[in-house]
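Now for the letters of each chain:
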Amino acid sequence: MKQKTWPDRSDGSPYTAFPLSKPNDRDGKTKLSWRFKFSSKPSLSPTDGPDFSALPFDILTKIATSFNFPNLLAASLVCRSWRDALRSLREAMVLLSYGKRFKHGRGGFGRNLEKALDSFLKGAARGSTLSMVDAGLIYWERGQKEEAIALYQKAAALGDPAGQCNLGISYLRAQPQNHKEAVKWLHQASVGGLVRAQYQLALCLHQGLGVDRNLQEAARWYLKAAEGGYVSAMYNASLCYTFGEGLSHSRRQARKWMKRAADRGHSKAQFEHGLALFSEGEMMKAVVYLELATRSGETAATHVKNVILQQLSATSHDRALLLADNWRALPSSR
């Protein structure tokens with residue numbers, strides 16, 4: 001789902017937002033030929049502990065609706081009652097697996113979005129929120145936003161953080177926009193630990209979209225998402241420390257988060273970290289980061305890099321470019 005940048009550069013703000021990344025690919029290696037062997041007797045006797053079979057089916061399925069396959073299988077092994085209650089969700093997980101293979105064209109399957117959508121919708125009909133989210137993504141990419149939002153609403157109501165996050169962002173992008181509902185669902189997903197939602201919620205708080213502008217709360221969520229590995233949040237957290245917006249001014253913390261964002265491929269962070277190294281006389285390191293920023297499209301980094309290269313020997317010049325060639329971004333949750 002592509003998004004507008006929040007806050008917009010035209011507003012004169014240095015803070016940026018990046019496109020919504022799709023939920024993590026939770027594709028397992030599930031095969032339709034899975035067969036489960038269950039004991040004919042409950043795993044617990046009345047004297048061993050609580051009677052899990054007494055849990056109402058509707059509550060059990062609501063709890064399990066966003067389970068991945070290993071957790072769903074483990075829950076199905078608790079007792080016969082749970083096995084029977086979760087049968088539809090186990091079938092949904094197989095359909096989800098097929099859908100992902102059709103969507104990405106792997107595991108011996110040719111890429112086919114129609115078949116992928118069909119598998120996701122069948123999984124959604126069996127109660128899987130993971131399938132609802134994936135079907136919603138395909139609908140959104142096709143421009144069928146009402147269908148996508150309807151699926152996100154179902155997943156969100158069942159407590160799926162990815163569904164809540166996508167629903168929140170959908171309300172920001174749909175026409176007409178609904179900022180209050182967006183913040184409501186982004187907050188729920190953020191509390192659920194989804195770093196992408198935490199970052200988007202911080203942007204809303206920073207801009208005052210659907211909520212009173214609150215720099216302290218925005219900075220808190222930027223930092224939370226940054227600690228969870230979200231690169232754009234690392235960059236914005238660095239800016240908060242740099243300008244003292246929502247966080248106490250700290251050059252050390254600003255440098256720490258800027259470098260972390262740069263090392264994970266954030267082009268603006270690479271440019272700004274390169275400038276900081278240049279100002280400290282770290283010419284070789286500065287060239288490496290400025291070269292990386294240049295390759296990522298930061299044209300302003302080119303001039304500064306060329307100025308530094310004029311001061312380096314041919315050997316140092318070649319060494320810096322070799323380091324840039326061999327550079328690899330550190331893992332992140334984006």
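The structure under discussion appears in the preceding block.
Presented here is an overview of the structure given in this document. (Residues numbered from 1 in each chain as written. Predicted model: local features only at pLDDT ≥ 70, side-chain atom pairs only at ≥ 80, totals over all residues. Heavy atoms only, no water.)

### Some details on helix H7 (residues 145-157)
The criterion, for reference: Labels follow the DSSP assignment, with helices taken as runs of H or I lasting at least four residues and strands as runs of E lasting at least two, numbered in each case from the N terminus. Expected span of a helix, by definition, is 1.5 Å for each gap between consecutive residues, and there is one gap fewer than residues. Residue exposure (1.4 Å probe, protein chains only): buried if accessible area is under 20% of the type maximum, exposed if over 50%, otherwise partly exposed. Directions from the helix axis toward the C-beta atoms define the arc. Residue contacts are counted whenever heavy atoms from the two residues lie within 4.5 Å of one another.
For H7, spanning 13 residues, the distance from its first C-alpha to its last is 18 Å, which sits close to the expected 18 Å at 1.5 Å a residue. When H7 is considered as a whole, its buried residues turn out to be Ala-148, Ile-149, Leu-151, Tyr-152, Ala-155 and Ala-156. Taken down its axis, H7 places every buried residue within 165° of arc, on the same side. What points out from H7, more than 90 degrees from its buried face, is the exposed set Glu-146, Lys-154 and Ala-157. Of the surrounding secondary structure, the elements contacted by the buried residues of H7 are helix H5 (113-125), helix H6 (129-141), helix H8 (161-173) and helix H9 (179-191). Looking at the residues trailing H7, positive phi occurs at Gly-159, about 90°.

### Thoughts on the nonpolar core
Rules: Throughout, nonpolar core names a set of buried Ala, Val, Leu, Ile, Met, Phe, Trp, Tyr and Cys residues whose side chains join them through atoms within 4.5 Å.
Formed by 91 residues in total, the largest nonpolar core has its most connected members in Leu-86, Leu-167, Leu-186, Tyr-199, Tyr-222, Trp-257 and Ile-308. In this structure, Ile-308 is in contact with Phe-278, Met-283, Ala-286, Val-287 and Leu-290, ignoring residues within four places of it in sequence.

### Description of the pattern of salt bridges
Convention followed: By definition here, a salt bridge exists when the distance from a side-chain nitrogen of Lys or Arg to a carboxyl oxygen of Asp or Glu is within 4 Å.
The final tally for this structure, using the stated rule, is 15 salt bridges. Notably, a salt bridge pairs Asp-263 with Lys-259, separated by 2.6 Å at the nearest N-O pair. Within this pair, Asp-263 and its partner Lys-259 are both found in helix H13 (residues 251-263), separated by four residues, close to a single helical turn. Each of Glu-291, Arg-295, Lys-305 and Asp-325 takes part in one network of salt bridges that share partners.

### Some points on the packing of aromatic side chains
Here is the rule we go by: Only centres within 6.5 Å qualify two rings of Phe, Tyr or Trp (six-membered ring in Trp) as a pair; their planes then separate them into stacked at under 30 degrees, edge-to-face at over 60, and tilted for everything else. Only when the NZ atom of a Lys or the CZ atom of an Arg is both within 6 Å of the ring centre and within 35 degrees of the ring normal do we say a charge sits over the ring.
Inspection of every chain in the model, using the stated rule, returns four aromatic pairs. When the centroid spacing of 5.4 Å and the interplanar angle of 55° are considered together, the rings of Tyr-98 and Phe-109 count as tilted. Of this pair, Tyr-98 sits in helix H4 (residues 87-104) while Phe-109 sits in the loop between H4 and H5; the two residues are eleven residues apart in sequence, bridging distant segments of the chain. With a relative accessible area of 21%, Phe-109 lands in the partly exposed category. Centre to centre, the rings of Tyr-199 and Tyr-222 are 6.0 Å apart; their planes meet at 45°, and the pair counts as tilted. On the criterion of sequence distance, the pair formed by Tyr-199 in helix H10 (residues 195-207) and Tyr-222 in helix H11 (residues 215-227) is long-range, its members being 23 residues apart. When sorted by exposure, Tyr-199 lands in the same class as Tyr-222, which is buried. By way of ring pairs, the aromatic residues Tyr-98, Phe-102 and Phe-109 are connected into one cluster. The positively charged end of Arg-220 is found above the aromatic ring belonging to Trp-221, 4.7 Å away from the centroid. Positioned above the aromatic ring of Trp-257 is the side chain of Arg-260, whose terminal nitrogen or guanidinium carbon lies 4.7 Å from the ring centre.

### Some points on the side chain of Ser-119
Tracing the backbone through its elements, the reader meets Ser-119 in helix H5. Contact partners of Ser-119, with chain neighbours within four places excluded, come to Leu-95, Tyr-98, Gly-99 and Phe-102.

### Quick look at the environment of Gly-99
With respect to the helices and strands, Gly-99 occurs in helix H4. In this structure Gly-99 touches Ala-116, Ser-119 and Phe-120, once residues within four positions along its chain are discounted.

### Points about H10
Its 13 residues place the ends of H10 18 Å apart at the C-alpha level, agreeing with the 18 Å of an ideal helix rising 1.5 Å per residue. Most of H10 is tucked away, with twelve of its 13 residues classed as buried. Taken together, the buried positions of H10 are occupied by Val-195, Arg-196, Ala-197, Gln-198, Tyr-199, Gln-200, Leu-201, Ala-202, Leu-203, Cys-204, Leu-205 and His-206. Looking at the buried residues of H10, the elements they touch are H8, H9, H11 and helix H12 (231-243).

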